[in-house]
Amino acid sequence: MICIAKDNFSIKQICDSGQCFRLRKLNALGNKFEGGKSFEDRNGKDAAETEWYGLTAYGKFLEIEEGADEITFHCTAEEFERTWKGYFDLEEDYGRIISLIDEKDDYLLKAAAFGSGVRILRQDLWEMVVSFIISQQNNIKRIRKCVDYLCERYGEKKVAGSGAVYYDFPTPEALADAPLEELYACNLGYRSRYIHETAASIANGRIDLMAIGRMDYEQARAELLKLYGVGVKVAECICLFALHKTEAFPVDTHINKVLRTQYPNGFPIERYKGYEGILQQYIFYYDLMNG
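Residues numbered from 1 in each chain as written. Predicted model: local features only at pLDDT ≥ 70, side-chain atom pairs only at ≥ 80, totals over all residues. Heavy atoms only, no water.

## A look at helix α10 (residues 191–203)
Thinking step 1. The first and last C-alpha atoms of α10 sit 18 Å apart over 13 residues, in line with the 18 Å expected at 1.5 Å per residue.
Thinking step 2. Check the buried side of α10 and you find it contacts α6 (125–134), α7 (140–154), α8 (172–177), α9 (180–184) and α11 (209–213).
Thinking step 3. Gly205 lies just past α10 and shows a positive phi near 90°. (Helix = DSSP H or I, 4+ residues; strand = E, 2+ residues; numbered from the N terminus. Expected span 1.5 Å × (residues − 1). Contact = heavy atoms within 4.5 Å.)

And the structure:
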């Protein structure tokens, strides 16, 4: 186990922030987690003291315990250093970024204070391509359900050391080979064709995701826009939440509303060059949770 202080870091806020769809609060059923041990079996603490989360990413399942003052990663020190420290962007000083906010910008100061535990994750590029295609004209609850359908139907089934059953995200080849009518059955609607065509373009090598991963922001964004069903907002989300291009600034209905009401002359992107995507996420989360 690895324990770290909760300094501008909240699993709950990240879970609710709309950037990650396979991070979930674990359910207690008769004081037991699905596929796992009871609260008492795990750490002897009362259930009310902590909240437990499960994350499926990069072919692994991670259990995370969030208490009042610290967060515990239930993994080895080697796995934490190799995978999760970078995934949660734990080497970045988010307090310093918040300190850069214009003291006259009351709205942004409130948004950052409200969502100060949100961090920009480094997620799998292919998973984010599919997830944010699904996100179009959709809400977080339905996106999660659609992603679950895809994983359970086309992803590899695995069992974690705790006994929890989970599924890898399906490969491009698996989704390219899936009959289109089956994808429609996963409640994807018109996005079924987008995913099918995009998976095929990656599986047959027309689009090279590894190459995109090495590109700068402008190049990567332009290349992502070549994918079927990927528009500007989706490309920006993929750049921010998979490629960690923190200069990306996705604009959806939440951000549009805030720009219209709080920044009629435009958001001061130049002031926050290189960090505008992090501030965008504070704005998004603040509006989402208070909308």
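## Observations concerning empty space enclosed by the protein
Thinking step 1. Under the criterion given, the structure shown has 1 cavity of 30 Å³ or more.
Thinking step 2. Along its surface, the largest cavity is lined by Cys20, Arg22, Leu55, Thr56, Ala57, Tyr58, Tyr87, Gln123, Asp124 and Glu127.
Thinking step 3. Here the lining of the largest cavity gets 3 residues from one element, more than from any other, and that element is strand β5 (residues 51–57).
Thinking step 4. Along the lines of polarity and charge, the residues of the lining of the largest cavity split into 5 nonpolar, 2 polar and 3 charged. (1 Å grid on protein atoms, 1.4 Å probe; cavity = no way out; pocket = protein on both sides within 12 Å on 5 of 7 lines; lining within 4 Å. Points joined across faces, edges and corners; volume = space filled by probe spheres on them. Nonpolar A, V, L, I, M, F, W, Y, C, P; charged D, E, K, R; others polar.)

## Notes on the pattern of salt bridges
Thinking step 1. In this structure the tally under the stated criterion is 14 salt bridges.
Thinking step 2. Measuring nitrogen to oxygen at the nearest pair gives 3.2 Å for the salt bridge that ties Glu66 to Lys6. Of the two residues, Glu66 is situated in strand β6 (residues 60–66) and Lys6 in the loop between β1 (2–5) and α1 (11–16); the sequence distance between them amounts to 60 residues.
Thinking step 3. When the shortest N-O distance is used, the salt bridge between Arg122 and Asp89 registers 2.7 Å. Of the two residues, Arg122 sits in the loop between α5 (106–114) and α6 while Asp89 sits in the loop between α3 (77–87) and α4 (94–99), which places them 33 residues apart along the sequence.
Thinking step 4. Asp89 gets classed as buried once you look at its relative accessible area, which sits at 5%. (Salt bridge = Lys/Arg side-chain N within 4 Å of Asp/Glu carboxyl O. Buried < 20%, exposed > 50% of the residue type's maximum accessible area, 1.4 Å probe, protein only.)

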